[in-house]
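Listed below, chain by chain, are the residues.
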Amino acid sequence: MSELGLRRKSSAQLEVMQKAGWKIDGDEKACYIDVDEDEDQDTENMIESNWRYLPDLVLEEIFTYLTPKERYYAGLVCRQWYRAFYLPTVWNNFLVDDRTLTKPKFNYYSGWQFCLDHMRTQFCLNRIGRHVRGIEFRPWHSFNNIFQFMTMLTWNIDKGREVNPDTQFIGIGSRIRTLVYHFPCNMSQPNDPEGIKLFGTGGQLLRVLKELLLRLTDLHTLKLVDFVLERYEANHLLDEVVCSCCTKMRVLNLVNVTTMHCPIMHVGLFLNLQVLTISPQNIDDDVLSLLADTKLRHLHLLQNCYTPNHLTISACGVKAWRNVKKTNPRLRVHLRLENLTDGEVVMQPEAPVHSITYCAPQTRIRAELLVRMVDHYRSTLAIYGHELLPRFSSPKPFHSRIDSLMLLMCRQCFNVDTLIIREKVSTSTLLLIAQTTKNLQHLHVRRFAVILRCDWPRHPEWSDEFYNWLKRNSRSYEAVEREISQILGYKWRLLSDRDFKQLTVNVKSGA
């Protein structure tokens, strides 16, 4: 064979070897895998053609689930994905936590720590700062990283607003419409999950946040959660926000600004506010008089595990609520409790309460509180329910269960359209609720808590036909589901515990 032929043969063998390789199988034995050139090339072209021309809407949806680091690597795949990196919807929310844009640094006292990398942060702000529309701060331990990030963002915004700014600073932070800050106020030890040791923010961290808020002049949504401030700091928390966007704010969330009674008067100065979420200790009659003159549509009074006990919080006056209903008749009030321990919502007499919801696994339905609720909100209440699985055992006897209380509420509160039941009730009670509640649209019941029984004493107004219908259809779950489906007008079913855990109440308020 000639020298030229040997060279061609060796090059062909080398090319085949490069497209093949050794692989370890399940028995830890090596096997040689030969790759078919044509099949591999066709598969590669097919994959490239399928992913390369995805629509922008699909790419935006995919990129929103990725972290900033993952988005960067995805943008290196092809030109189409590089262009998707800068699509507006991708940067609707920028999450800043303890590890965002950080690098490990050794400290002789604390060991390895993650500190903010200023060069990476500056490069990041220059590249995507003009695209960010929402920013969320969720620190857990390293408050210094959050402090430095807010300082750099404020400085970049100021540089972009100079007379002749550098092109790399133009537009940074100009599209931010949403700011969310969750402060980890509970400093208890990890081995003591039920212990609560509250330490609020304030000082330099609060000062830098207020300076940043002053420069965000187009904010539509602001959420400040669990700040636990002192009274003198809480009174001036929103000074800068009122100055910068008093007519543009639409959604405001102030949860546990303080743990003591301290009305936040600034919330009544946002003229076009639509949704307000606030803790009951931060609202009083004077705040209600200011809110009556705004365009507020939904007022959420939220209590969580850091809110003081409901017995220590005073409700707003009846006269103030009557004035609100007269001046702003479209206002809806929502009472909600989120707590891992037992608790109750703070009742607001004469308030236009639209919903009362509990996200508290240890809270039971109490007869005296439910009767008070019916007396106060019989003409306005539309949503009532307890989310999450209960961490207590419900009694089985009829006179100890909640059947009569639920039916009383459904008869008296004629506007109820959503009801969530997690405690033990009988199948006959469900049939009576569906038959009695005229405006009922959504009924969510745990299948595990339903007892196959017709234990209601016969009412004098019930006909023989109705009582026989009640007893006949209370004998099986299938019959109950069939009858309630006919009453509600859609296919209704009892929920398993897995489905019930995923259940969330839709208040339709945009919060």
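Provided above is the structure to which this section pertains.
Cut-offs applied
- Residues numbered from 1 in each chain as written.
- Predicted model: local features only at pLDDT ≥ 70, side-chain atom pairs only at ≥ 80, totals over all residues.
- Heavy atoms only, no water.
- Helix = DSSP H or I, 4+ residues; strand = E, 2+ residues; numbered from the N terminus.
- Buried < 20%, exposed > 50% of the residue type's maximum accessible area, 1.4 Å probe, protein only.
- Contact = heavy atoms within 4.5 Å.
- Areas by Shrake-Rupley, 256 points an atom, 1.4 Å probe, with all protein chains shown as cover.
- Salt bridge = Lys/Arg side-chain N within 4 Å of Asp/Glu carboxyl O.
- Pairing = 2+ DSSP bridges.
- Axes fitted to C-alpha atoms, helices over the stretch in contact; angles between N-to-C directions.

## Overview of the overall build of the protein
Move 1: Regarding its fold elements, the protein presents 18 helices and 18 strands.
Move 2: Buried residues in the protein amount to 47% of all 511 residues.
Move 3: Restricting the contact set of the protein to residue pairs at least 6 apart, pairs at least 24 apart contribute 66%.
Move 4: When the accessible surface of the protein is totalled, it reaches about 27700 Å², and 53% of it is carbon and sulfur.

## As for the pattern of salt bridges
Move 1: Under the counting rule described, the total for this entry stands at 22 salt bridges.
Move 2: Close ionic contact of Arg 83 with Asp 56 constitutes a salt bridge, the shortest N to O distance being 2.7 Å. Of this pair, Arg 83 sits in helix H5 (residues 79–84) while Asp 56 sits in helix H3 (residues 56–64); the two residues are 27 residues apart in sequence, bridging distant segments of the chain.
Move 3: Look at Asp 56 and you get partly exposed, because its relative accessible area is 31%.
Move 4: For Arg 177, the salt bridge is made with Asp 218, and the minimal N-O distance between the two is 4.0 Å. Within this pair, whereas Arg 177 is found in the loop between helix H7 (143–160) and strand S7 (178–182), its partner Asp 218 is found in the loop between helix H8 (203–215) and strand S8 (221–225), the two being separated by 41 residues in sequence.
Move 5: When salt bridges that share partners are traced, they join Arg 177, Asp 218 and Lys 248 into one network.

## Considering the sheet that holds S8
Move 1: Reading across the sheet, the twelve strands line up as S3-S6-S7-S8-S9-S10-S11-S12-S13-S14-S15-S17 and stay open at both edges, with parallel pairing between neighbours. Because the sheet does not close on itself, it has two edges, and the strands there are strand S3 (94–96) and strand S17 (442–445). Neighbour-to-neighbour, the strand axes of the sheet open up by a mean angle of 10 degrees, direction not taken into account.
Move 2: In the sheet, strand S14 (residues 383–386) pairs with strand S15 (residues 418–421) via three bridges, with the strands oriented parallel.

## Looking at the side chain of Glu 483
Move 1: One can find Glu 483 in helix H17 (residues 477–488).
Move 2: A relative accessible area of 11% means that Glu 483 is categorised as buried.
Move 3: Leave out the neighbours within four places in its chain, and Glu 483 touches Leu 431, Trp 469 and Asn 473.

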